[in-house]
Amino acid sequence: MGALPGALRVLRPAHPGAADARGLRRVRRGQGHDELTRPSKADGSEGAAASCDRTAAFDVDTGRKLWDKKLPGEGASVMSVNVTMTRGAVVAAAGDASVAYDMTSGKRFWADTKPSTCDAVGFAGGRDLLALVQCGNGADAEYRIQRIAPRSGEPVWTYEVTPGVQGVRIAVSNG
């Protein structure tokens, strides 16, 4: 039997100005903000920002695609999609929705698509699955970090970030 998939790919070009297989190109919009655009006019000028609504798993030994799934919710901005892996699960945050799939089969473990004042805006995988949850927007946003059970989506524990702290990121979950 082949190895478990060790890589996931969300289709997007790697370098600003480069086009991917769908004809989308990455355009730098300022410090740390890129978006994908599709040339829409005869002169090659930009079209609308691209959305990302799919993720796929590949066997890294053979290059064979194991599965390809549509992400729940409305198409999120390409730059706002976060995908990670942990303990046989592939977990994604896309816009206001989150989802987890079985790494080998692509079977959906859980999805959170209900509108809420708090949303998972990112995940970090590895030994454990950690979620960065944002409540509210802008300068008044509050954050918490949760360890999540990958197959159920239920929180195991929650850490409340001190109010007023902004720009919270999870770097790694393997210690």
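Residues numbered from 1 in each chain as written. Predicted model: local features only at pLDDT ≥ 70, side-chain atom pairs only at ≥ 80, totals over all residues. Heavy atoms only, no water.

J.: I would appreciate a short explanation of the overall build of the protein in the present structure.
T.: Along its length, the protein carries zero helices and 15 strands. Every one of the 175 residues in the protein was classed for burial, and the buried ones make up 36%. Sequence separation of 24 or more characterises 39% of the internal contacts of the protein that already satisfy a separation of 6 or more. Here the protein has roughly 10100 Å² of accessible surface; of this, 50% comes from carbon and sulfur atoms. (Helix = DSSP H or I, 4+ residues; strand = E, 2+ residues; numbered from the N terminus. Buried < 20%, exposed > 50% of the residue type's maximum accessible area, 1.4 Å probe, protein only. Contact = heavy atoms within 4.5 Å. Areas by Shrake-Rupley, 256 points an atom, 1.4 Å probe, with all protein chains shown as cover.)

J.: What's the story with the pattern of salt bridges in this structure? I'm lost.
T.: Opposite charge on two side chains makes pairing possible when the charged atoms of those side chains draw close. What the rule picks out here adds up to five salt bridges. When the shortest N-O distance is used, the salt bridge between D128 and R87 registers 3.6 Å. Of this pair, D128 sits in the loop between β12 (118-124) and β13 (129-135) while R87 sits in the loop between β8 (82-86) and β9 (89-94), and the two are 41 residues apart along the sequence. Among the charged side chains, a salt-bridge network with shared partners connects R87, R127, D128 and R147. (Salt bridge = Lys/Arg side-chain N within 4 Å of Asp/Glu carboxyl O.)

J.: Mind showing me how you'd approach the state of the cysteines here?
T.: The bond known as a disulfide is covalent and runs between the sulfur atoms of two cysteines. Scanning the entire structure with this criterion turns up one disulfide. At a sulfur-sulfur separation of 2.0 Å, the disulfide partner of C118 is C135. Judged by the sign of its S-S torsion, about 115°, the bond between C118 and C135 is right-handed. Here the residue C118 occupies a position in strand β12, and C135 occupies one in strand β13, the gap between them amounting to 17 residues. Assessed through its relative accessible area of 17%, C135 is described here as buried. (Disulfide = S-S within 2.5 Å.)

J.: Is there a simple way to explain the side chain of D128 in this structure?
T.: Judged by relative accessible area, D128 falls into the buried class, the value being 11%. At 3.3 Å, the side chain of D128 forms a polar contact with the side chain of R147. (Polar contact = N/O pair within 3.5 Å; in protein donor to acceptor, adjacent residues only side chain to side chain.)

J.: For this particular structure, what's the right way to read the sheet that holds β13?
T.: Adjacent strands of a sheet pair through backbone hydrogen bonds, lying either parallel or antiparallel. Spatially, four strands are ordered β12-β13-β14-β15 in an open sheet, and the strand pairing comes out antiparallel. At either margin of the open sheet sits one strand with a lone partner, and together these are β12 and β15 (155-160). Ignoring strand direction, the axes of neighbouring strands in this sheet form an average angle of 30°. In this structure, β12 lies alongside β13, joined through six bridges in antiparallel fashion. What sits directly across from A120, in β13, is V133. (Pairing = 2+ DSSP bridges. Axes fitted to C-alpha atoms, helices over the stretch in contact; angles between N-to-C directions.)

J.: Explain the pairing of strand β5 (residues 54-58) here, please?
T.: On any regular strand, side chains alternate: one points to one face of the sheet, the next to the other face. Inspection of the sheet shows β5 paired to strand β6 (residues 65-70) by five bridges, in the antiparallel sense. The partner of F58 across the bridge, within β6, is K65. Connecting the antiparallel pair β5 and β6 is a turn made up of six residues, with G63 showing a positive phi of about 80°.

J.: So what exactly am I meant to see when it comes to the packing of aromatic side chains here?
T.: For any two aromatic rings, the description comes down to two numbers: the centre-to-centre distance and the angle of the planes. Evaluated as defined, the whole model comprises one aromatic pair. Centre to centre, the rings of W67 and Y101 are 5.3 Å apart; their planes meet at 50°, and the pair counts as tilted. Here the residue W67 occupies a position in strand β6, and Y101 occupies one in strand β10 (residues 97-102), the gap between them amounting to 34 residues. The exposure class of Y101 is buried, given its relative accessible area of 5%. (Phe/Tyr/Trp six-rings, centres within 6.5 Å; stacked < 30°, edge-to-face > 60°.)

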